[in-house]
Amino acid sequence: MVPMELLTPHLSTIKIPTSQQLVYKDECVLSFDNPESETGLYVSLTSFLGFGRNYVDHYYQKTKNAVFLHITRSKALAAHEDAEETGDGPEKKITRLAIGVEGGFDPEYGKRKYIYTDHYNVVVLPDYHVFPWPNDALPEVVKMSVQGIIDAQSPFKIAEMAALQGTWDGEKREVSVHSVNLKQLDNGVKIPPSGWKCEKCDLTTNLWLNLTDGSILCGRRFFDGSGGNDHAVEHYRKTGYPLAVKLGTITIDGKGDVFSYAEDDMVEDPYLADHLKHFGINVQQLQKTEKSMVELELELNQKTGEWNTLQESGSELQPLNGPALTGLNNLGNSCYINCVMQVLFRMPDFVQHFVDGVGEIFSNLPEDPVNDFNVQTAKVGVGLISGRYSFPGDDSGFQPGISLHMFRQLIGKGHPEFMTKRQQDAHEFYLHFLTLLERNSRHKPNPSDCLKLVVEERIQCTESLNVKYVRRPEHYLPLPVPVAAATNATQVREYEARRVEAEASGQRLDPSQTVRPNIPFKACLDSFMREESIDQFFSSAVNKKVTAKKITRLGTFPDFLWIQLKKFTIKEDWTPAKLDVEVDMPWEIDLKSLRGHGPQPDETLLPESSPDTPAPVYDEALLAQLLDMGFPIEACKKSLYFTNNSGMEAASNWLMEHMTDWDFANKFEPPGFKSDNAVTVDPASVEQIIGMGFTAAQAAKALQATEGDVGRALDWIFSRAEQLDVDEESVPKDNNFGCRDGEARYKLVAFISHMGTSTTVGHYVCHILRQDAWVIYNDNKVELSLNAPKNLGYLYLYQRIEP
């Protein structure tokens, strides 16, 4: 019997969790050990942090908090399994193009079901004295603390519920502002229960009933050529009648697909049943016959066949496990995070910093390790690379995998998109992660230096022929995808004709026979390297706005080159779409033609701006309208400057054309103009920024550039950290920002692929070269790739070939 007196010296440190207290009882804050692990989980009765056996001693030595609730979990196969849930019944219907959310693709579907039982003991360190639970002999404060931990809601569940509040899953819609007082004409129109046809053409599908005048018209033409003939939207442009419901989607509970042309979005109409009754429609007599917009989105993806191709579904793939072969569970559209982290830890710099250096990172254990960027990133790195959590799964080939709950919550904190469970752009997440990495690497080695390159822009005034060179650091190379350069244009046209003919007769072509435009990699490179025209460029040589010519090259070549194919675009109706193309990405490339060489002896540089250079003037009304559309203020200023305040159409077209520019949202400094309007900065704001590792001069400069706003100043300063350091060190302007440089020959070592029609839907997988063999990482399914589909990728990682 363990004497109760062992607890007495520690009773003053024991706390009782409040309803607001986060209790980390699901997983170790420093590793992926959990109650199901062999040694269970130890939850501190003081800090309520959970630790695996590998780290609980370290925590005790740092804090002297000695009392823990030890949680272990056992599982047993359910006695009466539900046949449908285990995959023996009918196939589960997918109604949402999403992963891990209700109605979407369920990562757990088809797995055998278990009953889990938790077992508890109170443990006192350093000698691991055990007190069984429940135990009436325990001091009251210990019993209350333990019960509070057991009753506490999981922080992961709390975070998930918060994320779901902002989840867009293809069906969550806002109530239309036009639904409350919708005008309905007393024109005697009555809608029959069947036999519908577009009033402007012969289409009998994809029909929309306008809820103001009862017109029945066909819908918009989809990006792939299917859909309608745009007669419904043309009717709105003529009449202004805002709401229409898709016929065939209306259900007996008064629901249906309602589109607001005025709001340009799918919406909810809570009065739909009454609005339909106006035209003699009794919803209780209706039966859903048409595909919903979500079902059409699913069908469009299935038609392309890329789901099967990118996941290599047609091949018998060998499951893999071991070091660097660890699967990541999908937490609800988290595949974009999973893929980016798998690829980042393919690079030795990240492994060396976060995995080999984990001892140093964990040695100074912060009080709140859950919200420490370096701690949580190191935890991810060790989890992926060590092999501790990579072992065979069930017959389906899925590993038990690890879940990036803490990492996802931390990385998305305060971000309007990454804090939700919506699908996101993997490239945007990559840039977001590197921004956080930069913030947490001040005056420390930054592993992303292996990706950093210098972009060199040469701008020439067409009147004086003088030039200027602009250099800046970046972490990727964006390449346009010129569809017009397809080498199989004739075959694509023939395929499209066959597809249209088949669909007109109610048939569908075999998705595996899809013919996509095939774009040579050289065409993408040539498109990037071509000379651009810049209108409204202020030339300090002739002291006026002129047309300038710009070419872009690379000033340095990094150890690893991250290439983004600009497949995602905006359609004419301003909705996102993806180019369904193949790009012949090479296994090895030589990019020496991209090398920039800086000012040449026979060139004359543009002079610095003169004091009398006029300050730019922006049309305030146009600026307000552009901001209301959701564009960043600096991008709006650029659009007005470069279109000479000529109107909304010109400015918005400029914005749509330049949305993917490297510096789209960066602080705008008009060519040839330098503002000398000093802003008085608050000393307290300066001190706040100094506390993050920057100098007083850097803090003042950032605050002056952002009108004294600390939040904007931090974004400004972090995006220019390298340049600010360079300025203070008085390094010449043609410096390389500390970037590594070497030969321009590379080999492909990883790529991330997206399946779906836009970044807001679909799924990501990645392929990584491991010891001369390609491996596919599909969330928690890790397998040997037999036919890596490199021509359908989106993001590519190339490694320098050393001479």
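Residues numbered from 1 in each chain as written. Predicted model: local features only at pLDDT ≥ 70, side-chain atom pairs only at ≥ 80, totals over all residues. Heavy atoms only, no water.

1. Points about the sheet that holds strand S17 (residues 544-554)
Then comes step 1: What the 4 strands build is an open sheet, ordered S13-S12-S17-S16; its pairing is antiparallel. Lying at the two open borders of the sheet, with one neighbouring strand each, are strand S13 (467-474) and strand S16 (532-539). Going across the sheet, the axis of each strand differs from the next one's by a mean of 35°, ignoring polarity.
Then comes step 2: Looking at chain direction, S16 and S17 are connected through 6 bridges and run antiparallel. Counted as the bridge partner of Glu 532 is Lys 550 from S17.
Then comes step 3: Across the face of the sheet, helix H17 (residues 633-642) comes into contact with S16 and S17 while running at roughly 85° to S16. (Pairing = 2+ DSSP bridges. Helix = DSSP H or I, 4+ residues; strand = E, 2+ residues; numbered from the N terminus. Axes fitted to C-alpha atoms, helices over the stretch in contact; angles between N-to-C directions. Contact = heavy atoms within 4.5 Å.)

2. Some words on the pattern of salt bridges
Then comes step 1: Within this structure, the stated rule accounts for 25 salt bridges.
Then comes step 2: Across the pair Arg 740 and Asp 349 runs a salt bridge, and its minimum N-O distance is 2.8 Å. Linking Arg 740 in the loop between helix H22 (721-729) and strand S23 (745-755) with Asp 349 in helix H9 (residues 348-356), this pair joins segments that are 391 residues apart in sequence.
Then comes step 3: Classification of Arg 740 by relative accessible area gives partly exposed; the value is 30%.
Then comes step 4: Of the charged contacts in the structure, one is a salt bridge between Asp 559 and Arg 800, with a shortest N-O distance of 2.8 Å. In this pair, Asp 559 is assigned in the loop between S17 and strand S18 (560-565) and Arg 800 in strand S27 (residues 795-800), connecting sequence segments 241 residues apart.
Then comes step 5: A single salt-bridge network, built from bridges that share partners, covers Asp 349, Asp 559, Arg 740, Arg 800 and Glu 802. (Salt bridge = Lys/Arg side-chain N within 4 Å of Asp/Glu carboxyl O. Buried < 20%, exposed > 50% of the residue type's maximum accessible area, 1.4 Å probe, protein only.)

3. Thoughts on empty space enclosed by the protein
Then comes step 1: Applying the stated criterion across every chain, the model contains 2 cavities of 30 Å³ or more.
Then comes step 2: In this structure, the second largest cavity encloses a volume near 40 Å³.
Then comes step 3: For the lining of the second largest cavity, the secondary structure elements donating two or more residues are helix H10 (358-363) and helix H11 (373-385).
Then comes step 4: Looking at the lining of the second largest cavity, the element that brings in the most residues is H11, giving 4 residues.
Then comes step 5: Its residues assigned to classes, the lining of the second largest cavity comprises 7 nonpolar, 2 polar and 1 charged. (1 Å grid on protein atoms, 1.4 Å probe; cavity = no way out; pocket = protein on both sides within 12 Å on 5 of 7 lines; lining within 4 Å. Points joined across faces, edges and corners; volume = space filled by probe spheres on them. Nonpolar A, V, L, I, M, F, W, Y, C, P; charged D, E, K, R; others polar.)

4. Thoughts on helix H4 (residues 231-239)
Then comes step 1: Three or more residues of H4 are buried, namely His 231, Ala 232, Val 233 and His 235.
Then comes step 2: Structurally, H4 contributes buried residues whose contacts are with strand S7 (207-210) and strand S8 (216-218).
Then comes step 3: Remark: Gly 240 follows H4 within two positions and exhibits a positive phi of approximately 80°.

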